[in-house]
Amino acid sequence: MSSQIDHVFDETRVFPPSPEFAAAAVAQPEIYSEAATDREAFWAEQARELHWHTPFTQVLDWTTPPFAKWFADGELNVAYNCLDRHVEAGDGDRVALLWEGEPGDERRITYAELTDEVKRLANVLEGLGVGHGDRVAIYLPMIPEAVASMLAVARIGAIHSVVFGGFSADSLRSRIDDAGAKVVITADGGYRKGKASPLKPTVDQALADRGEGEQNTVEHVLVVKRCENEIDWDDERDVWYHDAVSAASDAHDAQAFPAENPLFILYTSGTTGKPKGILHTSGGYLTQASYTHRVVFDLKPETDVYWCTADIGWVTGHSYVAYGPLANGATQVMYEGTPETPQQGRWWDIIQKYGVTTLYTAPTAIRSFMKLGREIPQRYDLSSLRLLGSVGEPINPEAWIWYRDVIGGGSAPIVDTWWQTETGAIMASPLPGITATKPGSAQVALPGISIDVVDDDGNSVGVGGGGLLAITQPWPSMLRGIWGDPERFVETYWEKFATHGYYFAGDGARFDEDGDLWLLGRVDDVMNVSGHRLSTAEIESALVAHEATAEAAVVGASDETTGQAVVAFVIIKESYLKAHSPEGLALQLRGWVGEQIGPIARPRDVYIVGELPKTRSGKIMRRLLRDVAEGREVGDTTTLADTAVMSVISAQVK
Ligand code: WT7
């Protein structure tokens, strides 16, 4: 990543919005001064864009930090805000989802139809015994039922935990168990890369083989029929989604729940082996998800066709496929499959076909399209695009410029949005009609958000110097905790800057002379691969769970396409080598990690080595391994217990 960062520091190009774009933009320059004058009044005004069954009188309660309450005495129903409200306002015929399956099948679902589906599904879930505060796991492909499931769970005041469909049975099982889910909603399968990729068998596996003392909390599995793949069936536990939904009543009143009612848990990797269940609540979350979706994407709900390519298994899919766009009454494209199926221009074909105006995607996707060449997008009419977004990792200036020129026709503004699973919604980004954009910079804290770059003690480093990104004031969509682990919540995010009361994001950052923010990557043992967070510790523990492995160390090495790539250094047990040939072992370990965690965690390279570089206190020096993985001269080795070890490793890797 360092070459990329050096490059970023030389970047001086600036792209102001066109006068036409600026004049018609949803957010006008006063928004910054309004928010700065009275932050809480500003947020209250954003919150009042929603429908409150019981209006709030308090805005922020920060009396017991870091446990914030926003709009705490107000009551609302999240699903009502995303659905019924639009139907009641006369927009029931507006298309909510322009869905396209990978094989080419299509569904257009209006707000009225989606409301009807969600009401029925809410009745189904209640019929299965799901009530207020219960957890429902969702393990689905990118099909309309995924969005409907999230909203139906929200509608009845239950809590969803969406698990990305690419996660393994083990990963799914630990998430189901940690949350104590009562119901799992899944599908027989989903289409990926031209074939049905099964999901229900993974759920079956996750729920099977409970050891002594392990409790299975799941009572029912609701199964969407999407593919024709054969699946096993448990008559007592399993229910066909469409049978249940069509038999259910379409009448369901949205009950009001307190603003701080939990809305969802979403697991993300941390610095230890165990993923953290990030908890978000209702009123503040929906306020910030919808506000940011409106101002950052300059949303004109009557005319825009918005497309966020994220999977609902990630936070981007929660805030910018499900909640933000639907709360704002947007029309959006949802696509089931992979970008290269059945041909490499699939995304551009979709943009042309639906007249997409706003595209929100990740730098890793842009870089893989760059590699394929501009001839592919140039075959399509992309002139409907008027705004482009980027998320998940720093975007290198080359990719930024390519995105603007080739996809955005040289004129569409790019919003590079910095945020995290924990922040719930966008925190820093240009505003497209106001900010003169700079390739590679996430630029400015949004109105209502306070970000600083600080040193290890929480003191501002000012302009030019590198430091740590801190969020200095609570924000409405902030995480409210880690499910079942309040101590870890305090320790992970708040202890670092306890004297200042700031939130520690785990990212390095720097302000330039104009006060624009540049993100410099994670400062902890968390990797960012294709915009997804992976923990070195989690992959190391998967590797040592293999019978061949004695020890393992994992690093994130810079990668041209994926930003970072997983590189593993593994020591094999002598006893294993006595009985087995080491041939093919690296490949086998790679596959093993894929099975244990999911294909996204599969190391790009596995190096079998004799030793690992350790300090005298036994800590693995990952910095040195990163040097090797990135093919650099190995850095300072003086603190190693055995300074010769690095030359041995370098030789073994070659
Ligand atoms: C981490 C959060 C936010 C949804 C997707 C990822 C990195 C995210 C940017 C950006 C530079 C970025 C950070 C952050 N990140 N967006 N625009 N520029 N870095 O969510 O899995 O919670 O990961 O992604 O390192 O901490 P996540």
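Looking at an unreviewed UniProt entry, one finds the protein chain named Acetyl-coenzyme A synthetase, with Microbacterium azadirachtae as its source organism. For the protein chain, the Cofactor (unreviewed entry) comment in UniProt is given as "Mg(2+)". For the protein chain, the Catalytic activity (unreviewed entry) comment in UniProt is given as "acetate + ATP + CoA = acetyl-CoA + AMP + diphosphate".

All right, on to the UniProt feature "binding site: ATP" (unreviewed entry) in the protein chain then. In the numbering adopted here, UniProt assigns the feature "binding site: ATP" (unreviewed entry) to Gly392, Glu393, Pro394, Asp416, Thr417, Trp418, Trp419, Gln420, Thr421, Asp507, Arg522 and Arg533. Relative to the elements of secondary structure, Thr421 occurs in the loop between strand S20 (414–417) and strand S21 (451–454). The topology assignment puts Arg522 in strand S25 (residues 517–522). According to the C-beta neighbour criterion, Arg522 is partly exposed, with 19 such atoms within 10 Å. Leave out the neighbours within four places in its chain, and Arg522 touches Gly506, Asp507 and Asn528.

Moving on to the site of the ligand. In the vicinity of the ligand there are 23 residues, among which Pro394, Gln420, Thr421, Leu519 and Arg533 approach most closely. Elements with a contribution of two residues or more to the shell around the ligand: helix H13 (315–327), S20, strand S24 (503–511), S25 and strand S27 (532–535). Sorting elements by how many residues they give to the shell around the ligand places S24 first, with three residues. Grouping the amino acids of the shell around the ligand by side-chain chemistry returns eight nonpolar, ten polar and five charged.

The next thing to look at is the UniProt feature "domain: AMP-binding enzyme C-terminal" (unreviewed entry) in the protein chain. In this numbering, the UniProt entry assigns the feature "domain: AMP-binding enzyme C-terminal" (unreviewed entry) to residues 538–619. With 30% helix and 30% strand, the stretch residues 538–619 has end C-alpha atoms that lie 17 Å from each other.

Once that is clear, we can look at the packing of helix H6 (residues 84–91) against helix H7 (residues 111–127). Between H6 and H7, whose axes approach to 9 Å, the crossing angle comes to 145 degrees. The hand of the H6/H7 crossing is left-handed. Residues Asp84, His86, Val87 and Asp91 of H6 pack against Tyr111, Ala112 and Thr115 of H7. A per-class count over the contact of H6 with H7 returns three nonpolar, two polar and two charged.

Calculation rules
Residues numbered from 1 in each chain as written. Predicted model: local features only at pLDDT ≥ 70, side-chain atom pairs only at ≥ 80, totals over all residues. UniProt positions renumbered as here; feature names shortened; annotations may be inferred. Helix = DSSP H or I, 4+ residues; strand = E, 2+ residues; numbered from the N terminus. Buried ≥ 20, exposed ≤ 12 C-beta atoms within 10 Å, placed from the backbone. Contact = placed C-beta atoms within 7 Å. Near = placed C-beta within 6 Å. Nonpolar A, V, L, I, M, F, W, Y, C, P; charged D, E, K, R; others polar. Axes fitted to C-alpha atoms, helices over the stretch in contact; angles between N-to-C directions. Left-handed = near helix turned anticlockwise from the far one by under 90°.

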